[in-house]
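# Remarks on the overall topology
Chain by chain, the residues:
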Amino acid sequence: MTMDAGSWTVRPAGPGDEPFLQALYCDVRAAEFAQLGWPRETLAAFLADQWRIQARAHSLSHPHAERSIVEQDGLAVGYLLVSRTSSDHRIVDISLMSQARGRGLGSKVLAGICEQADAQACTVSLSVLTTNRAQALYRRLGFVPVDDSEPYRQMVRPRPAC
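Let me sum up the structure you'll find in this document.

Reading guide: rules and limits
Residues numbered from 1 in each chain as written. Predicted model: local features only at pLDDT ≥ 70, side-chain atom pairs only at ≥ 80, totals over all residues. Heavy atoms only, no water. Phe/Tyr/Trp six-rings, centres within 6.5 Å; stacked < 30°, edge-to-face > 60°. Buried < 20%, exposed > 50% of the residue type's maximum accessible area, 1.4 Å probe, protein only. 1 Å grid on protein atoms, 1.4 Å probe; cavity = no way out; pocket = protein on both sides within 12 Å on 5 of 7 lines; lining within 4 Å. Points joined across faces, edges and corners; volume = space filled by probe spheres on them. Helix = DSSP H or I, 4+ residues; strand = E, 2+ residues; numbered from the N terminus. Nonpolar A, V, L, I, M, F, W, Y, C, P; charged D, E, K, R; others polar.

### Some details on the packing of aromatic side chains
The final tally for this structure, using the stated rule, is three aromatic pairs. Judged by centre distance (5.0 Å) and plane angle (80°), the ring pair of tryptophan 38 and phenylalanine 46 falls under edge-to-face. For tryptophan 38, a relative accessible area of 36% gives the class partly exposed. Judged by relative accessible area, which is 23%, phenylalanine 46 ranks as partly exposed. Following the ring pairs from residue to residue traces out a cluster consisting of Phe33, Trp38 and Phe46.

The structure is reproduced here in structure tokens:
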């Protein structure tokens, strides 16, 4: 899958992207664990381990999912993992570096996924931490909660009406 819109693109991820993906994971999760007061090196090692665990879990639970890198102005700024079936496009992971958040890029990437799902009369689903502020974005794009089991909320964007 490749989507272009102005200065951003989504391209397939490859083995050379692993250092970026680990750095992205650390960027996304560092604030969550910073309150523990661990030394910087300890936190970095912990997050690196957590990234490897998550990457392995995703590859085992979604072996056929599309792994993509979101680029803006030629620089990698995000990651997208989508598992597609004949009825649903499951967003397993969507992450943007902190400097790329809050500028509409996530909305554009999600709109592209929703457009592709609509063309195939599919739902779009995802899980989001109940504390994640991205829920407001998902709701604006038509996602509705279907399960509020802590700590994750399951959300679905229904199939388009025929």
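### Structural notes on the layout of surface pockets
In this structure, the largest pocket occupies an estimated 1,600 Å³ of space. Lining the largest pocket are 50 residues, with Val28, Asp93, Ile94, Ser95 and Asn132 sitting closest to its centre. When contributions to the lining of the largest pocket are tallied by element, the ones reaching two or more residues are α1 (18-34), α2 (40-61), β4 (75-84), β5 (88-96), α3 (105-119), β6 (123-129) and α4 (135-140). Ranked by residues supplied to the lining of the largest pocket, first place goes to α2 with eight residues. Looking at the lining of the largest pocket, its residues break down into 27 nonpolar, 13 polar and 10 charged.

This is a description of form; function is not addressed.
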